[in-house]
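# Reading the structure
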Amino acid sequence: DVKVTQSSRYLVKRTGEKVFLECVQDMDHENMFWYRQDPGLGLRLIYFSYDVKMKEKGDIPEGYSVSREKKERFSLILESASTNQTSMYLCASSYRDSYEKLFFGSGTQLSVL
Amino acid sequence: EDKVVQSPLSLVVHEGDTVTLNCSYEVTNFRSLLWYKQEKKAPTFLFMLTSSGIEKKSGRLSSILDKKELSSILNITATQTGDSAIYLCAVLHGDKIIFGKGTRLHILP
């Protein structure tokens, strides 16, 4: 079975802190994605990557950056966390030619105080 | 603006009932429509639909796409408490997936 692992289930950070959310997949997937999920807004795409060292902006990239130094790992970075970034963050991955079928991690609930 | 709209937003039924969840979309460069089930945290893939009028089935779940009406339905027959979840509709357009807000389904025993 595909496994997408997010490093933390729950995180509490202070406003202004730099926050790293880590995601690792074990199926050699080319594509990796970061979404956030908020009540009433659904899943929204923050950033995605089709290959090592490449990244593309999603629908809501402001306030975030990403890093993909290795194929299996995709990191989401909040340079200076703000309260409006309190959310559930979901990482997903897929094969290059099958990116309809996303495999999701279990999510990180981030609270910024 | 590209969008995916699901209805109802929430639904409570009794075990054994049949439910129909709706999804409509307005996107450019449509490629496929997707259904996911989110029970706790991680959504899991259910169906991908690309052709109009062809039903996809998996056990008690089935789905069909109507490209003329730009919509899809997800049917669940003989519901069980384990069907309680958020059901997400999504559309692949170009190389991006856009999700609807989901339908929260609760099955009462």
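What you see as residue numbers is a count from 1 along each chain, following the sequence as written. Chains carry letters and ligands carry numbers; both start at the beginning, A for chains and 1 for ligands, and go up in the order they are written. Note on the predicted model: pLDDT of at least 70 is required for a residue's local features to be given, and 80 or more for side-chain atom pairs to be given and counted; whole-chain, interface and lining totals, by contrast, use all residues. Here the side-chain values reflect all heavy atoms present in the structure, with hydrogen atoms and water set aside.

### Section: the pairing of strand E9 (residues 85–93) of chain B
Residues and elements named next belong to chain B. Among the nine residues in E9, nine count as buried, and that is most of the element. Here E9 shows a buried face lined by Ala85, Tyr87, Cys89, Val91 and His93 and a second buried face lined by Ile86, Leu88, Ala90 and Leu92. Pairing analysis gives eight bridges linking strand E4 (residues 30–38) to E9, with the strands arranged antiparallel. Residue pairing in the sheet places serine 32 in a bridge with leucine 92 of E9. For E9 and strand E11 (residues 103–108), the ladder comprises three bridges, and the chain directions are antiparallel. Counted as the bridge partner of tyrosine 87 is threonine 103 from E11. Across four bridges, E9 lies against strand E10 (residues 96–99) in antiparallel orientation. Bridged to valine 91 within E10 is isoleucine 98. Think of it in three bands: with a 1.4 Å probe and only protein chains considered, a residue is buried below 20% of the maximum accessible area for its type, exposed above 50%, and partly exposed in between. Numbering of helices and strands starts at the N terminus; helices are DSSP runs of H or I of at least 4 residues and strands are runs of E of at least 2. Pairing between strands is defined by DSSP: at least two bridges between them are needed.

### Quick look at the state of the cysteines
By definition, disulfides here are pairs of cysteine sulfur atoms that lie within 2.5 Å. Counted by the stated rule, this structure contains two disulfides over all chains. Across the disulfide from A:Cys23 sits A:Cys91; the S-S distance is 1.9 Å. One disulfide, between A:Cys23 and A:Cys91, carries an S-S torsion of -75 degrees and so falls in the left-handed class. With A:Cys23 in strand E3 (residues 19–25) and A:Cys91 in strand E9 (residues 87–94), the pair connects residues that are 68 residues apart, well separated along the chain. Judged by relative accessible area, which is 0%, A:Cys23 ranks as buried. Linked covalently through their sulfurs, B:Cys23 and B:Cys89 form a disulfide whose S-S length is 1.9 Å. Of note, the bridge from B:Cys23 to B:Cys89 carries an S-S torsion of about -70 degrees and is left-handed in sense. Residue B:Cys23 is found in strand E3 (residues 19–26), and its partner B:Cys89 is found in strand E9; the two are separated by 66 residues along the sequence.

### Side note on unusual backbone geometry
Residue and element names in this part refer to chain B. Backbone torsion omega between serine 7 and proline 8 reads -10 degrees, so that peptide bond is classified as cis. Mapped onto the secondary structure, proline 8 falls in the loop between strand E1 (3–7) and strand E2 (10–14). Although it is not a glycine, asparagine 29 adopts a positive phi angle of roughly 55 degrees. Looking at the secondary structure, you find asparagine 29 in the loop between E3 and E4. The phi dihedral of alanine 78 is positive, around 45 degrees, even though this residue is not glycine. Within the secondary structure, alanine 78 sits in the loop between strand E8 (71–76) and E9. The class of alanine 78 is partly exposed, set by a relative accessible area of 40%.

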